[in-house]
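# Topology and contacts: notes
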Amino acid sequence: MSPPGILALIIVSFCAASLCATAAQVTYDNRAIIIDGKHRVLVSGSIHYPRSTTQMWPDLMKKSREGGLDAIETYVFWNAHEPARRQYDFSGNLDLVRFLKTIQEEGLYAVLRIGPYVCAEWNYGGFPVWLHNMPGIQMRTDNDVFKNEMQNFTTLIVDMVKKEKLFASQGGPVILAQIENEYGNVMSSYGDEGKAYMNWCANMAQSLDIGVPWIMCQQNDAPEPIISTCNGWYCDQYQPPRSNIPKMWTENWTGWYKNWGGKDPHRTAEDLAFAVARFYQLGGTFQNYYMYHGGTNFGRSAGGPYITTSYDYDAPLDEYGNLNQPKWGHLKQLHDLLHSMEDILTTGNVSYVDLGDSAFGTIYSKEGGSSCFLANVDSGNDKTINFQGMNYTVPAWSVSILPDCQNVAYNTAKVSTQTSVMVKKANVAEEEPNSLKWSWRPEMNEKTILLGKGDVTTDQILDQKEAANDLSDYLFYMTSLDLKKDDPVWTHNMTLRVKSSGQILHAFVNGELIGSQWAKNGGERFVFEQNVKLNHKKNTISLLSATVGFTNYGAFFDTAPSGITGPVELIGYRGDDETIVKDLSSQKWSYKTGLEGLNQKLYSSPSLKWQQDSFPVNRTLTWYKSSFKAPLGTDPVVVDLLGMGKGLAWVNGNSIGRYWPSFIAEGDCKLEPCDYRGSYDSNKCLSNCGRPSQRW
Ligand code: GAL
């Protein structure tokens, strides 16, 4: 019934075309992924939602589509979503559903790599550290405790995506999903249990009934109907392990990641295009750039140890979302061309010709038409190749594509896109001064350090993961010591020796800092040894250990030690040849997680008192604060942290990650000239020697 005077209301249901897409059928055969009956050439790119901000997503998607991508691939980050057991977070840049919808709005497909082990240079490979602390758990193997948690999280993600109708089978963008990650690389270390676990993963995934195919990367024995895929800088020589699956490449590494102390990686546009063209020349059908946009390891998400906050990766879209030219443009041309040849590449007859002298031709033909690829894989010499009665000059380490088998439309080594040079400009918003005005506060741990009393006490040295449960980088290990006059270790020359598995140690004795040390060379183990002055009353030893990302890769990576692993020893030297060692490892140890300022959220409570005068430099454990007006315009904004030591930074209460600009990239870059020719690896074409690994 309508109230008097109001006509019946007609409700019209409508939605944007891209959001109302009808269900699509995704299948495959030995040639390609087939969407609604059509064999597809699919070009995809990895973008990880937590490594960018929600505001950036629409623009990243737009630039991806314009760059000729069909799909966006992302991992799902378990430890970010389930920071404490059964407590979930999908807010802000963890809003996976919103990310997938943004992909769909741009008319792109999505590839959902649930893992939930992901590696990804992400803290602990994406595993929540509470998992490590569950009794009886063994990860990534046939262990019920682990499998139960993995299944719980995987199901949660699948249900969430289903509920929002985001699988292609429901009209959504997700055309493929991945379970586990590169398990085949480590499976043999887990013996029979490893194989059983892999089969369990496959069955568990299949039982979730998502209506699109599942993939497993680097898993040649992935059981039917799961598709095994390849990862690497090159996958042209890769042969799918079963004759009924297409040749797919889930990670084409567009560059490489960076460590603290490491140089800037660079993979040339020519070599990347070469790898892609060779892949499609040799029957490839789906290829994904890892990364297409690498982004930023905000907060404490960087893995490790020692992965930098920047995850730029030298990807086609740079850390801030700008086009990384000529890479982006050179690849776009290639994608457009491959797409124009989609039908013949995925359904035509193929013949391969060895033209001798490192030259190879491929002819795809169908109903009178044909398309060709001509490769010169010699890493030093350009060649004139006679192919089907014509001469072609093909530069070294390159592929020419001839859509009509006569005219070269593209050569991977001939770059016509202009190189972009990004400049960083100082903030000129409303006459902001060039250098910021800073205030400071001491960290307020004096009491903890002096009294040596924390929240938990044990009579052994705990691994940092166990004691701090990944709630902070920082953990105090504290013990007290009553040294009697007749203790054998008591000499005039005593040192404190601490074995640490990384990455940073500040040692305090009776409230005084006696020394600091950090792990060089990738952040592994180190031994700290420093002279100590003790007294005959009670002495307090407070060791502040800070980690810089937990290990994320390798068989049993989850059991890699972290923090102070011991022993902690007092050493008395008497004369030249007598050394007395007192092991303190099984004393009573007291633990405190985090710093006082962190626990009190100093970074978001401006009301506390900060000092302006006697500005300290080279002072351990200090908070610094400044304010600035946002720069005008819409360009990305970066913070220059040159001059800082090591720490964590926040802007408006958001943690933008760790900084360590005092960590210099060592070595001589000139010894490593950059030639696009020949196989790329992460030691090639490095730059930024002698400068901070990451300044911005
Ligand atoms: C792969 C792994 C990715 C990433 C990559 C290196 O082995 O699957 O997650 O870690 O290496 O960037």
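Residues numbered from 1 in each chain as written. Predicted model: local features only at pLDDT ≥ 70, side-chain atom pairs only at ≥ 80, totals over all residues. Heavy atoms only, no water.

You'll find the chain entered in an unreviewed UniProt entry as Beta-galactosidase, with Salix viminalis given as the organism. A UniProt comment under Catalytic activity (unreviewed entry) is attached to the chain, and it reads "Hydrolysis of terminal non-reducing beta-D-galactose residues in beta-D-galactosides." In its Sequence similarities (unreviewed entry) section, the UniProt entry covering the chain states "Belongs to the glycosyl hydrolase 35 family." (UniProt positions renumbered as here; feature names shortened; annotations may be inferred.)

Another point: the sheet that holds strand β11 (residues 284–293). Pairing in this closed barrel of eight strands is parallel, and the strands run β4-β5-β6-β7-β8-β9-β10-β11 around the ring. Ignoring which end each strand starts from, the neighbouring axes of this sheet average 30 degrees apart. Two elements, strand β4 (residues 42–47) and β11, share five bridges in a ladder whose sense is parallel. Within β11, the position partnered with S44 by the bridge is N288. This element, helix α1 (residues 57–66), spans β4, β5 (71–75) and β11 of the sheet and lies at about 140 degrees to β11. The strands that helix α3 (residues 96–105) touches are β4, β5, β6 (109–115) and β7 (174–179); relative to β6, the one it contacts most, it runs at about 155 degrees. (Pairing = 2+ DSSP bridges. Helix = DSSP H or I, 4+ residues; strand = E, 2+ residues; numbered from the N terminus. Axes fitted to C-alpha atoms, helices over the stretch in contact; angles between N-to-C directions. Contact = heavy atoms within 4.5 Å.)

This paragraph deals with the site of the ligand. Taken together, 15 residues sit near the ligand, with Y75, E121, E182, E251 and Y313 positioned nearest. Contact distances for the ligand include 2.5 Å between an oxygen atom and a side-chain N or O atom of Y313. With the chains in place, 95% of the 310 Å² that the ligand exposes on its own is no longer accessible. Split into classes, the residues belonging to the shell around the ligand amount to 10 nonpolar, two polar and three charged. (Near = heavy atom within 4 Å. Polar contact = N/O pair within 3.5 Å; in protein donor to acceptor, adjacent residues only side chain to side chain. Areas by Shrake-Rupley, 256 points an atom, 1.4 Å probe, with all protein chains shown as cover. Nonpolar A, V, L, I, M, F, W, Y, C, P; charged D, E, K, R; others polar.)

Turning our eyes to something else, we now look at the UniProt feature "domain: Glycoside hydrolase 35 catalytic" (unreviewed entry) in the chain. Feature annotation in UniProt places "domain: Glycoside hydrolase 35 catalytic" (unreviewed entry) on residues 33–336, given in this structure's numbering. The straight-line gap between the two end C-alpha atoms of residues 33–336 is 18 Å; of that span, 29% is helix and 19% is strand.

Residue position: R267 is located in the loop between β10 (247–253) and α7 (269–281). Since its relative accessible area comes to 0%, R267 is described here as buried. Side-chain polar atoms of R267 contact the side chain of N252, separated by 3.1 Å. Ignoring anything within four residues of it in the chain, the contact list for R267 reads W233, Y234, N252, W253, T254, G255, L272, A275, D314, K327 and Y680. (Buried < 20%, exposed > 50% of the residue type's maximum accessible area, 1.4 Å probe, protein only.)

For S590, the position within the fold is in strand β29 (residues 589–593). Here S590 falls in the buried class, since its relative accessible area comes to 7%. Separated by 2.6 Å, the side chain of S590 and the backbone nitrogen of G454 make a polar contact. Ignoring anything within four residues of it in the chain, the contact list for S590 reads G452, K453, G454, D455, V456, T457, F476, Y477 and M478.

In this section: the packing of aromatic side chains. What the rule picks out here adds up to 44 aromatic pairs. Ring centres 6.4 Å apart and planes at 85 degrees place the aromatic pair W78 and W130 in the edge-to-face group. One end of the pair, W78, is in helix α2 (residues 78–81); the other, W130, is in helix α4 (residues 129–132), and 52 residues separate them in sequence. Here W130 falls in the buried class, since its relative accessible area comes to 9%. Plain terms: the ring middles of W260 and W660 are 6.1 Å apart, the flat faces sit at 50 degrees to each other, and that makes the pair tilted. Of this pair, W260 sits in the loop between β10 and α7 while W660 sits in the segment after β32 (654–659), and the two are 400 residues apart along the sequence. Here the guanidinium or amino end of R51 rests over the ring plane of Y311, the centre of that ring lying 3.6 Å away. Sitting over the ring of Y234, R267 keeps its end group 5.0 Å from the ring centre. (Phe/Tyr/Trp six-rings, centres within 6.5 Å; stacked < 30°, edge-to-face > 60°. Lys NZ or Arg CZ within 6 Å of the ring centre and 35° of its normal.)

A separate point is the pattern of salt bridges. Counted under the stated rule, the structure contains 33 salt bridges. Between D487 and K582 there is a salt bridge whose closest N-O contact spans 3.0 Å. You can see D487 sitting in the loop between β21 (474–482) and β22 (493–500) and its partner K582 sitting in strand β28 (residues 578–583), a full 95 residues away along the chain. Its relative accessible area of 15% is what places D487 among the buried residues. (Salt bridge = Lys/Arg side-chain N within 4 Å of Asp/Glu carboxyl O.)

What follows covers helix α6 (residues 191–207). Taking 1.5 Å as the rise per residue, α6 with 17 residues should run 24 Å; its terminal C-alpha atoms sit 25 Å apart, in good agreement. Here α6 has its buried residues at G194, Y197, M198, W200, C201, A202, M204 and A205. Where α6 is buried, its residues contact α5 (144–163), β7 and β8 (214–217). A positive phi of about 55 degrees marks D209, the residue just after α6. (Expected span 1.5 Å × (residues − 1).)

Moving on, we get to the sheet that holds strand β14 (residues 369–376). Within a sheet, neighbouring strands are paired by backbone hydrogen bonds and run either parallel or antiparallel to one another. The five strands are arranged β12-β13-β14-β17-β18 in an open sheet whose pairing can be described as antiparallel. Each edge of the open sheet is held by one strand with a lone partner, namely β12 (349–356) and β18 (410–411). Bridge count between β12 and strand β13 (residues 359–366): seven bridges; the pairing is antiparallel. Counted as the bridge partner of Y352 is T362 from β13. On the sheet, α7 packs against β12, β13, β14, β17 (398–402) and β18 and is oriented at approximately 135 degrees with respect to β14.

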